[in-house]
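Take a look at the letters that make up each chain.
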Amino acid sequence: MKDLVLAFDIGATWLRAALADREGHILLRRIERTARQAEALEAQLARLARELAAEARSMGGRIMAVGVGCIGPLDLREGVIVRPPNLPVERVEVRRALASALPGVPIRVLNDCTAACYGEWLLGAGRGLSNVVFVAMGTGIGGGAVVDGHLLLGWRGNAVEIGHLVVDARGRLKCGCGGRGHWEAYCSGAGMPRFLAYWAAEHGISDRELEDAFGRPPGQLTAKEILAAARRGHPLALEFMEEVAMLNAAGLASVINAFSPELLAIGGSVALENYELIVGRALEKLAEFAYNPVPPVRPAAFGRDAVLMGAIALALRAT
């Protein structure tokens, strides 16, 4: 019988699952919209686990372990998601739901970006290194870190929440978590449109000028449209992206100063789909903020599969 592992990437919007072999190769994957209520999400996890276990049996295999990378905050000891800012639930019993479908199978749970860092370290660009940091710049901003060969977990599994580093001491914008001046509030996919509106008002730029630049009224703009205008070379969009680049440089430098990595791996859809605008321009300004040496900075090896590959690595270490 073939030994297989099961992996989950639980995001606020999408739930991904995969079967993989002992070499980390994905054999089968599923993707569904994440259920918006706690009980429904727990039932969704249990159903997918049962379905993929049946698929494993049809391949002549069996599930030896389960790895999960999921949105936080977490209670890592219990395997529970607790009041995530981007999902309207109080508590999701991740480990218990999966154990009900796969009794006796080891189940390991990590924060999504910590899982992504783990996968990058064991299976990706960080293989063979002792100090690796993963930065995800997507709808939100998150991170994970390996320091001296140890994956940092923190109390209850919520270490390296770098999206909540303060990059604006004036605290002009409030983050989704309630704090002020946080990196995520300005430079994430969710935060960028709000930052644009604030920046425009601060500079006396009218709603009409914004609509002419970006093609939609300010209240309807998304980060995707802002970045598309910058790629087209619109002067207003490029001027705004210089502000974003300065704050991204401050955030990345803070990460480098805190963890002194040998490699900085960048993931997340906003960064990977707009690498020069988001990462390249920030790197040009990084020396203004960094104290520690700036390490090689590379796109994460696994792209949108970063969390899933981290969950696979986690499950393989449990077997």
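Residues numbered from 1 in each chain as written. Predicted model: local features only at pLDDT ≥ 70, side-chain atom pairs only at ≥ 80, totals over all residues. Heavy atoms only, no water.

Bringing the overall build of the protein chain into the picture now. When helices and strands are counted, the protein chain shows eleven helices and 13 strands. Here the C-alpha atoms of the protein chain give a radius of gyration of 20 Å, agreeing with the 20 Å that 2.2 N^0.38 yields for 319 residues. On the principal axes, the C-alpha backbone points of the protein chain span a range of 65 × 40 × 35 Å. Out of the 319 residues in the protein chain, the part that is buried amounts to 56%. The long-range share in the protein chain, meaning contacts at least 24 apart out of those at least 6 apart in sequence, stands at 64%. With an accessible surface of roughly 13700 Å², the protein chain has 50% of that area assigned to carbon and sulfur atoms. (Helix = DSSP H or I, 4+ residues; strand = E, 2+ residues; numbered from the N terminus. Rg over C-alpha atoms; globule rule 2.2 N^0.38 Å. Buried < 20%, exposed > 50% of the residue type's maximum accessible area, 1.4 Å probe, protein only. Contact = heavy atoms within 4.5 Å. Areas by Shrake-Rupley, 256 points an atom, 1.4 Å probe, with all protein chains shown as cover.)

Take the packing of aromatic side chains next. Under the criterion given, the structure shown has four aromatic pairs. Consider the rings of Y186 and F195, whose centres lie 5.0 Å apart with planes at 75°: the pair is edge-to-face. For the pair shown, Y186 and F195 are each scored as buried. An aromatic cluster of at least three residues, connected via ring pairs, comprises Y186, F195, W199 and F240. When the ring centre of W14 is taken as origin, the NZ or CZ atom of R33, which lies over that ring, is 4.3 Å away. (Phe/Tyr/Trp six-rings, centres within 6.5 Å; stacked < 30°, edge-to-face > 60°. Lys NZ or Arg CZ within 6 Å of the ring centre and 35° of its normal.)

This next bit is on the pattern of salt bridges. This model, assessed by the stated rule, comprises 19 salt bridges. Between D9 and R16 there is a salt bridge; the shortest N-O distance is 4.0 Å. The exposure class assigned to D9 is buried, which follows from its relative accessible area of 7%. By relative accessible area, which is 18% here, R16 ends up buried. One salt bridge connects R47 with E51, and the closest N-O pair in it is separated by 3.4 Å. Here R47 and its partner E51 are both found in helix α1 (residues 38-58), four residues apart, which amounts to about one turn of the helix. For R47, a relative accessible area of 29% puts it in the partly exposed group. Connected through shared salt-bridge partners, R30, E32, R47, E51 and E55 make up one network. (Salt bridge = Lys/Arg side-chain N within 4 Å of Asp/Glu carboxyl O.)

To continue, consider the side chain of K285. Mapped onto the secondary structure, K285 falls in helix α10 (residues 275-285). Beyond its immediate chain neighbours, meaning those up to four positions away, K285 contacts E242, A245, M246 and A249.

The subject of this paragraph is the packing of α1 against helix α2 (residues 94-101). Relative to each other, α1 and α2 sit at 35°, their axes nearing to 8 Å. α2 is crossed by α1, and the crossing has right-handed handedness. Taken together, the residues of α2 that come into contact with α1 (itself represented by E42, L45, A46, A49 and R50) are V94, A97, L98, S100 and A101. (Axes fitted to C-alpha atoms, helices over the stretch in contact; angles between N-to-C directions. Left-handed = near helix turned anticlockwise from the far one by under 90°.)

This part is about helix α8 (residues 235-259). Under the 1.5 Å per step criterion, the end-to-end length of α8 is 36 Å for 25 residues, consistent within 8% with the ideal 36 Å. At the exit of α8 stands S260, carrying a positive phi of roughly 45°. (Expected span 1.5 Å × (residues − 1).)

Structurally, D112 is set in helix α3 (residues 112-123). With no salt bridge to any partner, buried D112 finds its closest opposite charge in R16, at an N-O distance of 9.3 Å. When sequence neighbours within four positions are dropped, the list of residues in contact with D112 reads G69, C70, I71 and V307. (Lys, Arg positive; Asp, Glu negative; His and termini not counted.)

In terms of burial, strand β10 (residues 141-147) is largely enclosed, as six of its seven residues are buried. Inspection of the sheet shows strand β9 (residues 132-137) paired to β10 by six bridges, in the antiparallel sense. Across the sheet, the residue bridging to V132 is V146, located in β10. Two successive antiparallel strands, β9 and β10, enclose a turn made up of three residues. Direction of pairing for β10 relative to strand β11 (residues 150-151): antiparallel, over a ladder of two bridges. (Pairing = 2+ DSSP bridges.)

Moving on to the sheet that holds strand β8 (residues 107-111). Strand order in this open sheet of five strands is β3-β2-β1-β4-β8, and the pairing throughout is mixed. Every interior strand has two partners, whereas the edge strands, β3 (26-33) and β8, have only one. Within the sheet, the average angular offset between the axes of one strand and its neighbour, ignoring direction, is 15°. Note: strand β1 (residues 2-10) against strand β2 (residues 14-20), six bridges, orientation antiparallel. The partner of D9 across the bridge, within β2, is R16. Here α1 sits on the sheet in contact with β1, β2, β3 and β4 (61-70), set at roughly 155° to β3. Relative to β8, α3 is tilted by about 105°, and along the sheet it contacts β4 and β8.

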